[in-house]
Amino acid sequence: MVRVLNVISDSNIGGAGRVLLNYLKYADTSRFETAVCLPEGSLLANPLRAAGADVYELPITPDTSFARCDVPVIKDLIRRVDPDIVHTHGSMSGRIAGRQAHRVVIFTRHSVFPLSRRLKSAPGRLLNKLINERYADRIIAVSPAAKENLTDGGIRPDIIDVIMNGVEPVTRADAETVAALRARYHISDNEFVLGILARIEDYKGHLIILDAVKSLTNDGRHVKLLIAGAGSFEQTVRDRVNALGLDDAVVFLGFVTDVTPVLSMLDIQLNASYGTEATSLSLIEGLSIGLPAVVSDYGGNPYVIDDGETGLLFKSGDSAALTDCLRRLMDEPELLDCLGKNAGQAYTDRFTGEIFADTVESIYLKVLKGDTDEQKRI
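Presented here is a report on the structure given in the accompanying data block.

Attention shifts here to the overall build of the protein chain. Scanning the protein chain from N- to C-terminus turns up 17 helices and 13 strands. For the protein chain, whose C-alpha radius of gyration is 22 Å, the value lies close to the compact-globule estimate of 21 Å for 378 residues. Dimensions of the protein chain, computed from the C-alpha atoms along their principal axes, are close to 65 × 45 × 35 Å. Counting only residues that meet the buried cut, the protein chain has 55% of its 378 residues in that class. Pairs at least 24 residues apart make up 67% of the contacts formed inside the protein chain by residues separated by at least 6 positions. Element-wise, carbon and sulfur atoms account for 49% of the exposed surface of the protein chain, whose accessible area totals about 16,200 Å². Considering the protein chain, the positive charge centre built from 41 side chains and the negative charge centre built from 51 side chains are found 8 Å apart.

Shown next, in the form of structure tokens:
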């Protein structure tokens, strides 16, 4: 039995937490035991316990990659739990503790970040390379874009494995439920429904989407935009809705725990991110019910949505290009239908939870066996 201790610094349920919860649904429990280290009071604790993980809540700094005082606390837990692998998600403290405890260390990069000025410099790249290669045996990148982001920061490509996220399939709500939901949100039969499921932060591109919706309404088109999520940028987005006169065209749904009803109402899912996007779980969930998407060409989006096959891509930050894509799909229902059919097949072929869990576990076994390029050289 292989025992894996995951270390996550999140106090809320973010992308890393959702990925781990998805993994637990499909993990091979006959071969792998999963434990998780979290900050005290993390909202992830109870869902992870319900999913079958051993959860350890520690007095470590929440939502912080590195705090010197956290290293000995995590190191003590590692010695008590005695894992074969320490797998960290956004926790440099966990990586350092794992290395000091002489364990195999893996970390997953869940996001894509614009390189800072320091990382663009030769000394910065070298320092980043030395630190990351010192404190990890392998690195998992959740998209080719995330891998490129890491190598641009100086890290060797041969220690990085790309594993696209996978999710449990969503079951589309029945027609009666969808009709009731549309009535609840005052969506008429002739309205084309768009939706974005994401944290409401500047870099998620909500303002770009609002500009596109304004252009569509100026054309006389009947559209409704559903915004699911919450975040620090929400008031700014609400103010823009008011300024553009889109109060009747935009519905704020708040934080949504069950995405099925929202996805089932949509004609198209949107993602206009221009920062941090690696592999959007919401896009994959949409693919599982045959929902096409229109997405920016930033980060991992082009590796989830195939342009002209499962959706359309537009230049990041370009609201006019987004508007053109939406006009095209509204005017070409045959294309929209074809994209939807392809979306369902893409999910089956590439993004199931089984594929994701199997691939992660193959990395675990490969590292433990010493069957990696780096370990072969050693």
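Alright, that's what it looks like, and here's the rest.
A few words now on unusual backbone geometry. Even without being a glycine, aspartate 82 presents a positive backbone phi close to 60°. In this structure, aspartate 82 sits in the loop between helix H3 (70–81) and strand E4 (85–89). Positioned with a positive phi, threonine 276 is a non-glycine residue whose angle comes to about 75°. Relative to the assigned elements, threonine 276 resides in the loop between strand E11 (268–271) and helix H12 (281–288).

A word on the environment of serine 116. Positionally, serine 116 belongs in the loop between strand E5 (104–109) and helix H5 (117–120). Between the C-alpha atoms of serine 116 and glycine 153, which are 37 residues apart in sequence, the distance is 9.3 Å.

Tyr23, Leu38, Leu48, Val304 and Tyr364 are the most contacted members of the largest nonpolar core, which totals 42 residues. For this core, the leading source of residues is helix H16 (residues 353–369), giving 7 residues. Filtering out sequence-adjacent residues up to four positions away, valine 304 remains in contact with Met164, Thr279, Leu283, Ile284, Leu287, Thr310, Arg350 and Phe351. Among the nonpolar cores identified, the runner-up in size contains 37 residues, and Leu207, Leu270, Ala272 and Cys325 belong to it.

Moving on, we come to the pattern of salt bridges. Taken as a whole and judged by the stated rule, the model has 25 salt bridges. The salt bridge involving arginine 240 is made with aspartate 211; its shortest N-O contact spans 3.4 Å. On the criterion of sequence distance, the pair formed by arginine 240 in helix H10 (residues 234–244) and aspartate 211 in helix H9 (residues 206–218) is long-range, its members being 29 residues apart. Its relative accessible area of 27% is what places aspartate 211 among the partly exposed residues. Here the residues in one salt-bridge network are Asp219, Arg221, Asp324, Arg327 and Asp331, joined through shared partners.

Turning to the packing of H9 against H10, a few remarks are in order. At their nearest, the axes of H9 and H10 sit 10 Å apart, and the two run at 15° to each other. The orientation of H9 relative to H10 falls into the category roughly parallel. Seen from above, H9 lies across H10 with right-handed handedness. Taken together, the residues of H10 that come into contact with H9 (itself represented by His206, Leu207, Leu210, Asp211 and Lys214) are Thr236, Val237, Arg240, Val241 and Leu244.

What follows is about the packing of helix H14 (residues 319–331) against helix H15 (residues 333–350). Contact pair H14 / H15: the axes reach a minimum separation of 5 Å and the direction vectors enclose 100°. It follows from the interaxial angle that H14 and H15 lie roughly perpendicular. Contact with H14, carried on its side by Arg328, Leu329, Met330 and Asp331, involves Pro333, Leu335, Leu336 and Leu339 of H15 and no other residues of that element. Grouping the amino acids of the contact of H14 with H15 by side-chain chemistry returns 6 nonpolar, no polar and 2 charged.

Let us now look at the sheet that holds strand E12 (residues 293–296). One open sheet accounts for 6 strands, arranged E10-E9-E8-E11-E12-E13; its pairing is parallel. Bordering the open sheet on either side are strand E10 (250–254) and strand E13 (311–314), each of which pairs with just one other strand. On average, adjacent strands in this sheet sit at an angle of 20° to one another, irrespective of strand direction. Looking at chain direction, E12 and E13 are connected through 4 bridges and run parallel. Residue pairing in the sheet places valine 295 in a bridge with leucine 313 of E13. Against the sheet, H10 touches strand E9 (223–228) and E10, its axis set at about 160° to E10.

Here we take up H10. Every buried residue belonging to H10 is among Glu234, Val237, Val241 and Leu244, and all of these are buried. End-on view of H10: buried residues confined to an arc of 95°, all on one side of the axis. With its phi angle positive at about 70°, glycine 245 sits one or two positions after the end of H10.

Definitions and limits used
- Residues numbered from 1 in each chain as written.
- Predicted model: local features only at pLDDT ≥ 70, side-chain atom pairs only at ≥ 80, totals over all residues.
- Heavy atoms only, no water.
- Helix = DSSP H or I, 4+ residues; strand = E, 2+ residues; numbered from the N terminus.
- Rg over C-alpha atoms; globule rule 2.2 N^0.38 Å.
- Buried < 20%, exposed > 50% of the residue type's maximum accessible area, 1.4 Å probe, protein only.
- Contact = heavy atoms within 4.5 Å.
- Areas by Shrake-Rupley, 256 points an atom, 1.4 Å probe, with all protein chains shown as cover.
- Lys, Arg positive; Asp, Glu negative; His and termini not counted.
- Charge placed at Lys NZ, Arg CZ, Asp CG, Glu CD.
- Core = buried A, V, L, I, M, F, W, Y, C linked by side-chain atoms within 4.5 Å.
- Salt bridge = Lys/Arg side-chain N within 4 Å of Asp/Glu carboxyl O.
- Axes fitted to C-alpha atoms, helices over the stretch in contact; angles between N-to-C directions.
- Parallel < 35°, antiparallel > 145°, perpendicular 65-115°, else oblique.
- Left-handed = near helix turned anticlockwise from the far one by under 90°.
- Nonpolar A, V, L, I, M, F, W, Y, C, P; charged D, E, K, R; others polar.
- Pairing = 2+ DSSP bridges.
- Arc of directions from axis to C-beta.

Bear in mind that shape data such as this cannot, by itself, settle questions of function.
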